[in-house]
Amino acid sequence: MSFFLFVCAGLAAFLRASPSEGVRKPVTGVLGAMTAEVETLQGQIMDRKELKVQGLPFVTGTLRGRSVVLAKSGVGKVNAAMTVTLMLERFSPEQVVFTGSSGGVNPALKPGDIVIGTKTVQHDHGVFDDAGLHAAETENAVTGSKNPLYFPGDELLIRFAEDAARSLKLEKVETDQGPREPRIAQGVIATGDVFVASGAKGKELRKTLQADAVEMEGAAVAQVCWEQRVPCLVIRSVSDSADEHASKDFPRFLRVASRNSAALVSGIVAKIGKQ
Ligand code: ADE
């Protein structure tokens, strides 16, 4: 190879290896499943660059002074796992935060309330016998050993969430009884590939797994991050009560829930940037 070709090949390799999307500084990864769940944060990102990774939409830029990469995963565990894997591979984020809506299975939770996921668990992975489903640990594909049944939310990110929550002004929720001030709680988030619209199923998830909220991506993202040793936190706001009213409540409260979840995630990102 001539010297010229050698230099060109080296330059091409450098350009491929360096994140040409402008994410050179430490970066935080943020994911949400649906457009409604990512659009608020997307609108707040400065120096925004939109790109596709393997056909999936990613946005890079700066949010509250911190470099971020934001992705829309699509709904469900497989889509979420694929998206976060591509994000880790391509952008090497220092931490990952998931934002979005959920069904509240803790009766104390109402639409617009936020759950900081102290733990996430997959409620549809395990053994199904005549007594029903018994959730069991996933296998760690990297080490071959068992993962924990509950993936713990990263402690530092939970602390940032608590700090951010103290000064957060959340949007009030218009209910049949009038406007309601949302609350921020901590709890167990149960993930599975089903939209839960059954009070009986919600009660079962609460009894068997101590779930506070149910959704369709969080624990899948947490599993990938756990296996790849990347700190992760799932933030969810309540759009419905995972009961027989869920299919009607979900479209009614999805937007306000998404905005409230995004507001807390934005606060967390600001705290990460200042650490
Ligand atoms: N996301 C929002 N509401 C949900 C529900 N009821 N079940 C699963 N995922 C949800």
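Residues numbered from 1 in each chain as written. Predicted model: local features only at pLDDT ≥ 70, side-chain atom pairs only at ≥ 80, totals over all residues. Heavy atoms only, no water.

Novice: Go over the overall build of the protein chain with me, naming the residues and quoting the values.
Specialist: When its secondary structure is counted, the protein chain shows 7 helices and 14 strands. Reported as C-alpha extents along the three principal axes, the dimensions of the protein chain are approximately 75 × 45 × 30 Å. When each of the 275 residues of the protein chain is scored for burial, the buried share is 51%. A separation threshold of at least 6 residues defines the contact pool for the protein chain, and within that pool the share at least 24 residues apart is 76%. (Helix = DSSP H or I, 4+ residues; strand = E, 2+ residues; numbered from the N terminus. Buried < 20%, exposed > 50% of the residue type's maximum accessible area, 1.4 Å probe, protein only. Contact = heavy atoms within 4.5 Å.)

Novice: Lay out unusual backbone geometry with the relevant residues and their values.
Specialist: The residue aspartate 47 is not glycine, and still its phi comes out positive at about 50°. By secondary structure assignment, the location of aspartate 47 is in strand E2 (residues 46-53). A positive phi is found at glutamine 54, a non-glycine position, where the angle reads about 50°. Examined against the element boundaries, glutamine 54 turns out to sit in the loop between E2 and strand E3 (56-63). What makes glutamine 54 exposed here is its relative accessible area of 68%.

Novice: Report on the site of the ligand, specifying residues and quantitative values.
Specialist: For the ligand, the set of nearby residues contains 13 residues, the closest of which are Ser102, Gly103, Val196, Glu215 and Asp240. One of the backbone nitrogen or oxygen atoms of glycine 103 is found 3.3 Å away from a nitrogen atom of the ligand. In this structure, a nitrogen atom belonging to the ligand sits 2.8 Å away from a main-chain N or O atom of valine 196. Secondary structure elements with two or more residues in the shell around the ligand: strand E5 (95-104), strand E13 (213-215) and strand E14 (232-240). (Near = heavy atom within 4 Å. Polar contact = N/O pair within 3.5 Å; in protein donor to acceptor, adjacent residues only side chain to side chain.)

Novice: Quick rundown of the pairing of E14? Include the residues and the values.
Specialist: Counting buried positions over the 9 residues of E14 gives 9, a clear majority of the element. The sheet contact formed by E5 and E14 spans 8 bridges and is parallel. Looking at the pairing, serine 102 lines up with valine 238 of E14. Here strand E6 (residues 114-122) runs beside E14; their pairing, made up of 3 bridges, is antiparallel. (Pairing = 2+ DSSP bridges.)

Novice: Could you give an account of the environment of arginine 180, naming the residues involved and the relevant values?
Specialist: Here arginine 180 is to be found in strand E11 (residues 178-180). Take arginine 180: its relative accessible area is 18%, and that puts it in the buried class. Expressed as a C-alpha distance, the spacing of arginine 180 and glycine 112, which sit 68 residues apart in the sequence, is 8.6 Å. Setting aside residues up to four positions removed in sequence, arginine 180 forms contacts with Lys110, Pro111, Asp113, Lys172, Val173 and Thr175.

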